[in-house]
Amino acid sequence: MTDPIVSAMVFYALAAFTLVAAGFVALSGNIVHSAFALFATLFGVAGLYAYLSADLLAVVQMLVYVGGISVLVLFAVMLTSGLDGPLTSNPTFRLGGGIVLMLAVAAAAFVAATAVPSGVESAAVPTTAAIGDALLGAYVLPFEVVSVVLLAALVGAVTLARGYKGGHR
Amino acid sequence: MTIGLPQYLVVSGVLLALGLFAIVTRKNAVAILMGVELVLNAGLLNLVAFSRFGGGLDGQVFALFGIVLAAAEAVVALAIVLQVFRARRSVDASKACELKE
C-alpha cells in the first residue's frame, strides 16, 4: 500500500462490491440469487479483512463463511424452495416499515461513524502467530468453551436434522 | 483520500441496515437467516476495524470467536428450518407460528 490513491481505490472497490452484493441479498426476489449474492458478500468481507491486514481472519472467513456457511445456506435453499418455484420463492412483506428501518439505521450509523476520530493505523504485520499465542494464552478458557459449543451444535444439528417419526431410533 | 476508521464503520453500518431490512421484510426463513449472517458480518467487520485502528489484537480474537459461533448458529438454525419444512412443507416464517402440530 504505497500509493494512497490506489490504496483508496482498492478499498472503495471492495466496499462497493460487498455492499452491492449485500443489496442483492436483501432485495432480490429470487432466493437462489440471494444465496449466491450472500456468497459474494462474504467474499467481499474477506477482502476487507485482508485490506485491514487481518490475514488470519481473511483466510478463516474464506474457509468458514464462504466455504462452509454459504454452501450450507445453498443446500437449505435447494432443499426447501423446490415446491413453489424459485421466481416467487423470496416474498417480502411490510416493505414500507423495512425501508424506514433500513434508512434510519443507515443514517444513524453514518452519523455515528463520521463522528469517530480516524484513529492511528497500526503497522501491517502478520497476525497469525500473535493470535495463536493469544488463543492459547489469555483466551484459553473461551477457546475451550467454544470447542464445547461446537460439539454441542454438531450433536444438536445432527439430532434435529435426522428427525424422528414416533418411536425411537 | 486516506482510508480511516470512519470509512469502515460506514460500510459496516450499511451492511447492518441491509441485514436488518432482510430480517424484517423476508417471509422465507432461509432468507431471514441470510439477513442474520449480514448483521453478524457487519459486527465482526466493526471489531476488526477497531482492532486495526485502536491497537491490540483483542478485536481480531473476538471476531474469530464470533465466526465460530456464527457457524454453530447457522448449522442449528438450518437444521430447524429443515425440520419445519419437513413438518409443514413450507418455510414461510409468518405461517409457522405454533410450537406443536
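Notes on the structure in this doc start here. Given the structure is predicted, the values throughout are model-derived calculations rather than measurements.

**Here's the deal with the packing of helix 2 (residues 29-54) of chain B against helix 3 (residues 58-88) of chain B**
Residue and element names in this part refer to chain B. Close contact between helix 2 and helix 3 brings their axes to 9 Å; oriented N to C, the two are set at 175°. Compared by their axis directions, helix 2 and helix 3 come out roughly antiparallel. For the pair helix 2 and helix 3, contact is made by Ala-29, Val-30, Leu-33, Val-36, Glu-37, Leu-40, Leu-44, Leu-47, Val-48 and Ser-51 and by Gly-59, Gln-60, Phe-62, Ala-63, Gly-66, Ile-67, Ala-70, Glu-73, Ala-74, Ala-77, Leu-78 and Val-81, respectively. Within the contact of helix 2 with helix 3, the residues separate by chemical class into 16 nonpolar, four polar and two charged.

**Concerning the packing of helix 2 (residues 31-51) of chain A against helix 1 (residues 5-25) of chain B**
Running from N to C, helix 2 of chain A and helix 1 of chain B point in directions that differ by 165°, and their axes come no closer than 13 Å. By the criterion of interaxial angle, the relationship of helix 2 of chain A to helix 1 of chain B is roughly antiparallel. Judged by the sense of rotation from one axis to the other, the crossing of helix 2 of chain A with helix 1 of chain B is left-handed. Across from Thr-41, Val-45, Leu-48 and Tyr-51 of chain A in helix 2 of chain A, the residues of helix 1 of chain B making contact are Tyr-8, Val-11 and Leu-15 of chain B.

**A word on the environment of Leu-19 of chain A**
Along the polypeptide, Leu-19 of chain A turns up in helix 1 (residues 4-27). C-alpha of Leu-19 of chain A to C-alpha of Leu-150 of chain A: the two residues are 131 residues apart in sequence and 30 Å apart in space. Among all residues touching Leu-19 of chain A, those that are not within four sequence positions of it are Val-11, Val-14, Leu-15 and Leu-18 of chain B.

**Observations regarding helix 3 of chain B**
With 31 residues, helix 3 of chain B extends 44 Å from end C-alpha to end C-alpha; this agrees with the ideal 45 Å at 1.5 Å per step. Just past helix 3 of chain B, the residue Arg-89 of chain B takes up positive phi, approximately 60°.

**Section: the interface of chain B and chain A**
In this assembly, 64 residues from chain B lie in contact with 85 residues from chain A. Overall, the association of chain B and chain A removes approximately 6800 Å² of surface from exposure, summing both partners, and the carbon and sulfur fraction of that is 78%. Taken as a group, Phe-21, Arg-26 and Arg-52 of chain B account for 12% of the area that chain B buries against chain A, more than any other trio of residues on that side. Joining chain B to chain A, the criterion identifies zero salt bridges. Remark: the boundary between chain B and chain A carries ten residue pairs in polar contact (both at pLDDT 80 or more).

**Considerations on the side chain of Asn-41 of chain B**
You can see Asn-41 of chain B is positioned in helix 2. The class of Asn-41 of chain B is buried, set by a relative accessible area of 1%. When sequence neighbours within four positions are dropped, the list of residues in contact with Asn-41 of chain B reads Leu-42, Val-45, Tyr-49, Gln-61 and Tyr-65 of chain A together with Leu-15 of chain B.

**Quick notes on the packing of aromatic side chains**
By convention here, two paired aromatic rings are described through the distance between centres and the angle between planes. Under the counting rule described, the total for this entry stands at six aromatic pairs over all chains. With a centroid separation of 6.0 Å and 90° between ring planes, the pair formed by Tyr-139 of chain A and Phe-62 of chain B is classed as edge-to-face. Of this pair, Tyr-139 of chain A sits in the loop between helix 5 (128-135) and helix 6 (140-162) while Phe-62 of chain B is found in helix 3, placing the two residues in two different chains. A residue is classified by how much of its surface remains accessible, and Phe-62 of chain B, at 48% relative accessible area, is partly exposed. With 5.9 Å between their ring centres and 45° between their planes, Tyr-8 of chain B and Phe-53 of chain B make a pair best called tilted.

The rules behind the values
Residues numbered from 1 in each chain as written. Chains lettered and ligands numbered in written order. Predicted model: local features only at pLDDT ≥ 70, side-chain atom pairs only at ≥ 80, totals over all residues. Heavy atoms only, no water. Axes fitted to C-alpha atoms, helices over the stretch in contact; angles between N-to-C directions. Helix = DSSP H or I, 4+ residues; strand = E, 2+ residues; numbered from the N terminus. Parallel < 35°, antiparallel > 145°, perpendicular 65-115°, else oblique. Contact = heavy atoms within 4.5 Å. Nonpolar A, V, L, I, M, F, W, Y, C, P; charged D, E, K, R; others polar. Left-handed = near helix turned anticlockwise from the far one by under 90°. Expected span 1.5 Å × (residues − 1). Buried area = accessible area lost by both parts, 1.4 Å probe. Salt bridge = Lys/Arg side-chain N within 4 Å of Asp/Glu carboxyl O. Polar contact = N/O pair within 3.5 Å; in protein donor to acceptor, adjacent residues only side chain to side chain. Buried < 20%, exposed > 50% of the residue type's maximum accessible area, 1.4 Å probe, protein only. Phe/Tyr/Trp six-rings, centres within 6.5 Å; stacked < 30°, edge-to-face > 60°.

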